[in-house]
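# What the coordinates show
Here is how the chains run, residue by residue.
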There are 2 protein chains.
Amino acid sequence: MTIAILGTGMVGRTLAARLAELGHQVSIGTRDPAATGARAVDEHTSWDGWLADHPGISLVSYAAAAAAAADVVIHAANGASAIEVLHAAARENLAGKVVLDVSNPLDASTGFPPALFVENTDSLAERIQAAFPDARVVKSLNTMNAALMAHPESLAGGAHTVFVSGNDPEAKAVVCVLLREFGHTDIIDLGALDTARGSEMYLPLWLRLFGALGHFDFNIRVVRAAG
Amino acid sequence: MTIAILGTGMVGRTLAARLAELGHQVSIGTRDPAATGARAVDEHTSWDGWLADHPGISLVSYAAAAAAAADVVIHAANGASAIEVLHAAARENLAGKVVLDVSNPLDASTGFPPALFVENTDSLAERIQAAFPDARVVKSLNTMNAALMAHPESLAGGAHTVFVSGNDPEAKAVVCVLLREFGHTDIIDLGALDTARGSEMYLPLWLRLFGALGHFDFNIRVVRAAG
C-alpha cells in the first residue's frame, strides 16, 4: 500500500519503519520538512541519518504525504494537534481515504498523569470524523506504546489485544490487514466510531499502570469465555 | 471478619454469599429491610427463600449493617446512590473502617451505553472519601461482573487482573486478603485513591466490550514484561 504517516515523533517513526520493512510505500509528513530535517531524531541520530537508515521513506509536508497516500493516512502526531495537522494535510487529500488515528486526547497542561481533553460523551476520533466527513476514520492502536503497536510479538508472543472502531467496515478491514501484518492476532472490532470513547478512556488506566509498573512494556488481553 | 454489604442487588448478593461461604460474618444492609424482604430476589426466589439458602446472612438496615461491621463495609449499591447510601449507613459507623467501593459512576439517564457522571479529574471513590474523611476508602473489583468478582477462577482459571486503589496501605492490605480468598491471583496496586480515576474510566471500554462480545464473562489481564 501507499501510506502517509503524519507526525515525526516516536510513534510516527516506529510505524513508518515497520510499514516500510513490510514492503509498503511510506512517506512521513511534517509541518516544515526542512526544519524537521535540520533537527535531531535523538542525541545519536540526525534526521538525514535516520532517513539514510530507512531507504524508501521520504520526509515531506503534511499535504504532500497525504496527497501521495493512495490507501491509508495515519495520524501519529499528538492528539492535541490532530485536527490542526489533518487540516494541514488538507481535506481534499483525505477525502475517501482511510484515516487511521492512533493518538490520544491527552491534555499536557494538566501535569502527570494528564487528563483527557475530550471524553465520556465524545471522543477525539469522532471530532476528527466530524471535521473531515469525507475521510473514513478508524481508531486503533492507541492503547499501547509504539514498540508494541509495530511489534506485538515482542511481548508474551503477542498474546494481547488491539481494538478497532470505525463507521466504515471496509476501512476497518484495511486497518485489520495492517494490524495482522504487524503481528496482532487478537483484534476486537468494538463497533462504530463512537466506541473509540471506550478505547480512549482506557488511557487513564494505562497511565496509572505505567506509574505502578514503572515501564510501558505492557498491554491488556481481553480474557473471555467463548462467545 | 465481620463484614457489611450495602446493597441488595446482584453484586451485593453475590459478594455476601461468597464471603459467608468463606466463613465471614456477613450482614446485608438495605434502606428498609421489611420492604426489601417483601420483594422477590428474582422470579423464582423470595428474599426469605434467599436468606434461608444462605444461613448466617442477615438483612438489616444500612446503619445496622455498618454498625455491626467490625472490619469492612462494602458499598455494592449503584454508584449513583453511593453517597446517599453511605450517609444512611451513618458517618460514625464508617469511621476508621475499611470502606470498599465496588461500584461505578454510571449515569443511567444517558441510555446505553451509559456515560460516567464523574470522570477525568475526579472519581466516585474520591467523592466518597471526601464525604467520609474518617473512612479508609479502597476501590476495587469495579472492573468486572459480579460472578468474576467472587469467583475469578471461573474464567481462564483466574488468569486475569484486579486493581486496587486507596490512600491507606493497611486498608488496601485488608482488601487484598479478601481478594485472594475470592481467588484473585493477579492484583495490581495502582496507588493512591485518585488512581481510581483509571479503573472507573475503564468502564466505557468494558461497556463496549460487552456490546462487541455479547456477554460479560470477560475480564482484562495486564500482560507485562518482568518489572
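For the structure, see preceding data.
Basis of the calculations
- Residues numbered from 1 in each chain as written.
- Chains lettered and ligands numbered in written order.
- Predicted model: local features only at pLDDT ≥ 70, side-chain atom pairs only at ≥ 80, totals over all residues.
- Helix = DSSP H or I, 4+ residues; strand = E, 2+ residues; numbered from the N terminus.
- Rg over C-alpha atoms; globule rule 2.2 N^0.38 Å.
- Buried ≥ 20, exposed ≤ 12 C-beta atoms within 10 Å, placed from the backbone.
- Contact = placed C-beta atoms within 7 Å.
- Pairing = 2+ DSSP bridges.
- Axes fitted to C-alpha atoms, helices over the stretch in contact; angles between N-to-C directions.
- Nonpolar A, V, L, I, M, F, W, Y, C, P; charged D, E, K, R; others polar.
- Least-squares fit on C-alpha atoms with pLDDT ≥ 70 in both.
- Parallel < 35°, antiparallel > 145°, perpendicular 65-115°, else oblique.
- Left-handed = near helix turned anticlockwise from the far one by under 90°.

## Things to note about the overall build of chain A
- Tallying secondary structure elements over chain A gives 11 helices and 13 strands in all.
- On C-alpha atoms alone, chain A measures out to a radius of gyration of 17 Å, which is about the 17 Å that the 2.2 N^0.38 rule sets for 227 residues.
- Over its C-alpha atoms, taken along the principal directions, chain A stretches across nearly 50 × 40 × 35 Å.
- Buried residues in chain A amount to 48% of all 227 residues.
- Across chain A, contacts joining residues at least 24 apart in sequence account for 74% of those joining residues at least 6 apart.

## Digging into helix α11 (residues 203–213) of chain B
- For α11(B), the set of buried residues is L203(B), P204(B), L205(B), W206(B), L207(B), R208(B) and L209(B).
- A positive backbone phi angle near 80 degrees is found at G214(B), which sits one or two residues after α11(B).

## Looking at the sheet that holds strand β11 (residues 161–166) of chain A
All names here are of chain A.
- Pairing is mixed across the open sheet formed by 8 strands, whose spatial order is β5-β2-β1-β6-β7-β10-β11-β12. One side of each edge strand has no neighbouring strand; the edge strands of this open sheet are β5 (58–61) and β12 (186–191). The sheet shows a mean angle of 25 degrees between the axes of neighbouring strands, direction not considered.
- Pairing of strand β1 (residues 2–6) with strand β6 (residues 72–75) involves 4 bridges; the strand directions are parallel. Bridge pairing links L6 to H75 in β6.

## Some remarks on the interface of chain A and chain B
- Opposite the 39 residues of chain A that make contact, chain B presents 39 residues.
- Counting only elements with at least two residues in the side of chain A that touches chain B, the list comes to β9 (115–116), β12, α10 (196–201), α11 (203–213) and β13 (218–224) of chain A.
- Among the elements that take part in the side of chain A that touches chain B, α11(A) stands out by supplying 8 residues, more than any other.
- Looking at the side of chain A that touches chain B residue by residue, the classes come out as 20 nonpolar, 12 polar and 7 charged.
- Bridge analysis of β13(A) against strand β13 (residues 218–224) of chain B gives 7 bridges, and the strand direction is antiparallel. Paired with V223(A) across the two strands is N219(B), which belongs to β13(B).

## Some details on helix α7 (residues 124–131) of chain B
- Along α7(B), the residues classified as buried are L124(B), A125(B), E126(B), I128(B) and Q129(B).
- The inward-facing, buried residues of α7(B) contact α5 (82–89), β7 (98–101), β10 (136–140), β11 (161–166) and α10 (196–201) of chain B.

## A few points about the sheet that holds β7(B)
All names here are of chain B.
- Ordered in space as β5-β2-β1-β6-β7-β10-β11-β12, the 8 strands form an open sheet in which the pairing is mixed. Two strands close off the open sheet at either side, each with one partner strand: β5 (58–61) and β12 (186–191). Each strand of the sheet is rotated relative to its neighbour by a mean of 25 degrees, with strand direction disregarded.
- Alignment of strand β1 (residues 2–6) against strand β2 (residues 25–30), held across 5 bridges, turns out to be parallel. From the neighbouring strand, L6 faces β2, where its bridge partner is G29.
- Set on the sheet, helix α1 (residues 10–21) makes contact with β1, β2 and β6 (72–75); between it and β2 the angle comes to about 165 degrees.
- On top of the sheet, α5 reaches β1, β2, β6 and β7; it is set at about 145 degrees to β6, its chief contact.

## Some words on the relation of the copies chain A and chain B
- Take chain A, turn it by 180 degrees, move it 0.0 Å along the axis, and it overlays chain B with an RMSD of 0.0 Å. Taken together, the rotation and translation relating the two chain copies correspond to the operation of a two-fold axis.
- Both copies share a contact surface, since 100% of the interface residues of chain A are interface residues in chain B too.

## Let's talk about the packing of helix α5 (residues 82–89) of chain A against helix α7 (residues 124–131) of chain A
Residues and elements named next belong to chain A.
- Packing of α5 against α7 brings their axes to within 10 Å, and their N-to-C directions diverge by 30 degrees. On the basis of the axis angle, α5 is roughly parallel to α7. In this structure, α5 crosses over α7, and the sense of that crossing is right-handed. Of the residues in α7, those touching α5 at A82, I83 and L86 are L124, R127, I128 and A131.
- Classifying every residue of the contact of α5 with α7 by side-chain character gives 6 nonpolar, no polar and 1 charged.

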